[in-house]
Amino acid sequence: QERNFHIFYQLLSSPDAFKENIWSGLLDKKPSSFRYVGYHEVNEIEGLTDEQRWRRTLAALGTVRIKDEKLYVLLRSICVVMQLGNIIFSSDGAEGSTISSSQELRELVHVLGVSATSIATAFTRRSVEASTDVYQVPLDPTRAKDTVDAFAKEIYSRVFNWLVRAINEATSAQDNYQKASEVSRYGIIGLLDIFGFEQFEVNHFEQLCINHANEKLQCKFTLDIFQSISAEYADEGIPLQGIQFEDNSRVLNLLEGNLGLIKMLNEECLRPQGSDAGFVNKIYANNKFPGTPLIAARHFQRHEFAIEHFAGLVKYDATGFVAKNTDNLSEDVLECAAKSPNILIRTEMAKRRKEQRSSNRKGTLVTNSVWTKFSDQLRLLMKDIGKTHTWYVRCINPNTKKDIGKT
């Protein structure tokens, strides 16, 4: 079982005096104290403990000018994410829910800086506009928990983007080179670490997104290699005729086409009773033609399907696909975040609120889905890569343990 993000474990391994400056709720806590983090036997990675890696992380953040209050705001935002996972809901005896973990709610109030009433209202009700009226629709415990999880994921995503911008600002030649005014044009050297196809015992939505990215990059790699070979043949005066190469266009069409998995999952997310099994039924119904890379097998469960990727066959468990692909935070949650004194959360959630309102006005509800956003980011990445001269570095893993002196 893989750990969650390393920063969670590193932060919990920091000295008590430092924890006190961030959030007192970290004191006397361990990974198992937080549901999103959980217990894990691994405390040492490649010879370094979480405490040792924490010191390295702290030094690296200081190098890019993230220190003092700026550092505290960043880490408090991460603490909010961790604490959100501890919020538990139970039925209110009717159609709604109530927060049953009162101590965990008090801890969240402390770190987020928003009243318990505002938090409880945002998580257990959803405002729905109908004509000129606004109705409060109660959320059952499952939907309330989904709301909290979506909020936590959005905060972490925004924190990550904030950190990337901070690193770019600290390392930008235009902003930091003393003689920047004397330079007429700046070049860019970009390093892209390709994910690598993933195949676990059980593969979920995350693995499908990662493998989607790999298919896009594999397509680019295949075309580059074919074009470079074609150029070599031309330089040598060797005719190049009838040469065929295996590409992955069928897989990309399965994922991105007009009847592709992305669009069908988005449609299922928009249905009032959309389900994971419904999504699987839909993709099989639309891919019955010979040669499809979508594979079915008699022993598959109702929520399982397989894809013949460029790197090989991967079976996916669609459990949670609809929930994970849904990325439309309620106005109530965004309004709650706007009350937080944490400037990072307040500012980033205000951006999200503006983006969501703009998207909803255009009537493009599917643009908010996780896979759609991921696909759009991939498209922009490939567009940027297409403007460059690409060089490939083939990495060889000598052994599974990555130990020196072994094969």
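Everything discussed here concerns the structure shown above.
Summarised in this report is the structure supplied together with it.

A few words on the overall build of the chain. Within the chain, the secondary structure is distributed over 16 helices and 9 strands. For the chain, the C-alpha atoms occupy an extent of roughly 75 × 60 × 50 Å along the three principal directions. For the chain, buried positions account for 38% of its 407 residues. The long-range share in the chain, meaning contacts at least 24 apart out of those at least 6 apart in sequence, stands at 62%. Treating the 50 positive side-chain charges of the chain as one cloud and the 51 negative ones as another, the clouds have centres 3 Å apart.

Counting buried residues along strand β8 (residues 304–309), 5 of its 6 residues qualify, which places the element largely inside the surrounding structure. Inspection of the sheet shows strand β7 (residues 294–295) paired to β8 by 2 bridges, in the antiparallel sense. Bridging across to β8, I295 finds its partner in A306. Hairpin connection, β8 to strand β9 (residues 312–317): the antiparallel pair is bridged by 2 residues.

Here we come to the environment of P141. Summarising the element assignment, P141 is placed in helix α7 (residues 141–171). Separated by 24 residues in the primary sequence, P141 and T117 have C-alpha atoms spaced 17 Å apart. Setting aside anything within four residues of it in sequence, one finds P141 in contact with F89, S90, S91, G96 and S97.

On to the packing of aromatic side chains, then. By the definition in use, this model includes 13 aromatic pairs. On the basis of an interplanar angle of 75° and a centroid distance of 6.1 Å, the ring pair of F5 and F8 is categorised as edge-to-face. The exposure class of F5 is partly exposed, given its relative accessible area of 43%. What makes F8 buried here is its relative accessible area of 2%. Ring geometry for F279 against F305: centres 6.1 Å apart, planes inclined by 85°, an arrangement best described as edge-to-face. You can see F279 sitting in helix α12 (residues 276–285) and its partner F305 sitting in strand β8, a full 26 residues away along the chain. Three or more aromatic residues link up through ring pairs in this structure, and these residues are F205, F279, F305, Y316, F321 and W371.

Here the focus is the pairing of β9. With 6 bridges connecting them, β8 and β9 associate as antiparallel partners. Among the inter-strand pairings, E308 is bridged to a residue of β9, identified as L313.

All right, on to helix α10 (residues 249–256) then. Those residues of α10 not exposed but buried are V251, L252, L254 and L255. All buried residues of α10 lie within an arc of 155° about the axis, which places them on one face of the element.

A separate point is the packing of helix α11 (residues 261–270) against helix α16 (residues 370–386). Contact geometry for α11 and α16: axes closest at 9 Å, N-to-C directions at 150°. Viewed along their axes, α11 and α16 adopt a mutual orientation that is roughly antiparallel. Facing α11, whose interface residues are L261, I262, L265 and N266, α16 presents W371, T372 and S375. For the contact of α11 with α16, a count of residues per class yields 4 nonpolar, 3 polar and no charged.

Within this structure, the stated rule accounts for 0 disulfides. With no disulfide partner, C269 has as its closest neighbouring cysteine sulfur the one in C209, 11 Å distant. With relative accessibility at 22%, the residue C269 sits in the partly exposed group.

Attention now moves to the side chain of K19. If you trace the backbone, K19 turns up in helix α2 (residues 16–22). Comment: no salt bridge for buried K19; closest opposite-charge side chain is D16, at 4.0 Å. In contact with K19, other than residues within four places in its own chain, are L11, L12, S14, S24, L26, L27 and K29.

Here we come to α12. Burial analysis of α12 places 7 of its 10 residues in the buried class, which makes it a mostly covered element. Listed as buried for α12 are D276, A277, G278, F279, V280, I283 and Y284. Buried residues along α12 sit against α11, β7, β8 and α13 (321–325). Two or three places before G278, at the opening of α12, S275 has a side-chain oxygen 3.0 Å from that residue's backbone nitrogen.

Right, let's get into unusual backbone geometry. Look at R65: it is not a glycine, yet its phi comes out positive at around 65°. Tracing the backbone shows R65 in the loop between α3 (50–63) and α4 (68–84). One non-glycine residue with positive phi stands out, namely D68, at about 55°. As for its placement among the helices and strands, D68 is situated in helix α4. Taking relative accessible area as the criterion, D68 reaches 54% and is therefore assigned exposed.

Rules used throughout
Residues numbered from 1 in each chain as written. Predicted model: local features only at pLDDT ≥ 70, side-chain atom pairs only at ≥ 80, totals over all residues. Heavy atoms only, no water. Helix = DSSP H or I, 4+ residues; strand = E, 2+ residues; numbered from the N terminus. Buried < 20%, exposed > 50% of the residue type's maximum accessible area, 1.4 Å probe, protein only. Contact = heavy atoms within 4.5 Å. Lys, Arg positive; Asp, Glu negative; His and termini not counted. Charge placed at Lys NZ, Arg CZ, Asp CG, Glu CD. Pairing = 2+ DSSP bridges. Phe/Tyr/Trp six-rings, centres within 6.5 Å; stacked < 30°, edge-to-face > 60°. Arc of directions from axis to C-beta. Axes fitted to C-alpha atoms, helices over the stretch in contact; angles between N-to-C directions. Parallel < 35°, antiparallel > 145°, perpendicular 65-115°, else oblique. Nonpolar A, V, L, I, M, F, W, Y, C, P; charged D, E, K, R; others polar. Disulfide = S-S within 2.5 Å. Salt bridge = Lys/Arg side-chain N within 4 Å of Asp/Glu carboxyl O. Polar contact = N/O pair within 3.5 Å; in protein donor to acceptor, adjacent residues only side chain to side chain.

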